[in-house]
Amino acid sequence: MKTILLADDEANLRMLVHTTLDDPRYHILEASDGTTALMLAKQEHPDLLVLDWMMPGMTGVEVARALRNDAQTAHIPIIMLTAKGQEKD
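1. Focus: the overall build of the protein
Now for step 1: A count of helical and extended segments in the protein gives three helices and four strands.
Now for step 2: Scanning the protein from its N terminus toward the C terminus, one meets helices and strands in the order β-α-β-α-β-α-β.
Now for step 3: Radius of gyration (C-alpha) of the protein: 12 Å, near the 12 Å computed for a compact globule of 89 residues.
Now for step 4: When the backbone C-alpha atoms are referred to their principal axes, the protein occupies close to 40 × 30 × 20 Å.
Now for step 5: Sequence separation of 24 or more characterises 60% of the internal contacts of the protein that already satisfy a separation of 6 or more.
Now for step 6: Summed over its atoms, the accessible surface of the protein is roughly 5500 Å², and 53% of this surface lies on carbon and sulfur atoms.

2. What to know about the side chain of T3
Now for step 1: Residue position: T3 is located in strand β1 (residues 2-7).
Now for step 2: Once residues lying within four places of it in the same chain are set aside, the contact partners of T3 are H27, L29, P46, D47 and L48.

3. Digging into unusual backbone geometry
Now for step 1: Positive phi, normally seen in glycine, also occurs at H45, with a value near 45 degrees.
Now for step 2: For H45, the position within the fold is in the loop between α2 (34-44) and β3 (48-52).
Now for step 3: H45 sits in the partly exposed class, given a relative accessible area of 34%.

Rules behind the numbers
- Residues numbered from 1 in each chain as written.
- Predicted model: local features only at pLDDT ≥ 70, side-chain atom pairs only at ≥ 80, totals over all residues.
- Heavy atoms only, no water.
- Helix = DSSP H or I, 4+ residues; strand = E, 2+ residues; numbered from the N terminus.
- Rg over C-alpha atoms; globule rule 2.2 N^0.38 Å.
- Contact = heavy atoms within 4.5 Å.
- Areas by Shrake-Rupley, 256 points an atom, 1.4 Å probe, with all protein chains shown as cover.
- Buried < 20%, exposed > 50% of the residue type's maximum accessible area, 1.4 Å probe, protein only.

Encoded structure:
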């Protein structure tokens with residue numbers, strides 16, 4: 001079974017993504033802030049991370065950088081979610 005870590009501070013968005021990914025082949029973990037997401041990623045070594053760009057504690061970008069700088073987690077694929085739609089973002 002593959003493990004997916006879904007991190008977003010908006011409960012409704014977590015529910016939407018969780019429902020979209022819901023499949024018996026996946027175990028889905030959830031975090032509501034960046035700090036918890038980083039802790040879970042280091043403990044659970046998920047097969048995929050879905051990170052919100054803007055979260056309390058640590059942003060998704062900060063979590064991704066921390067994971068990429070750790071040899072134990074650098075290989076984990078990451079999908080970033082964001083409501084930001086401007087080119088400068």
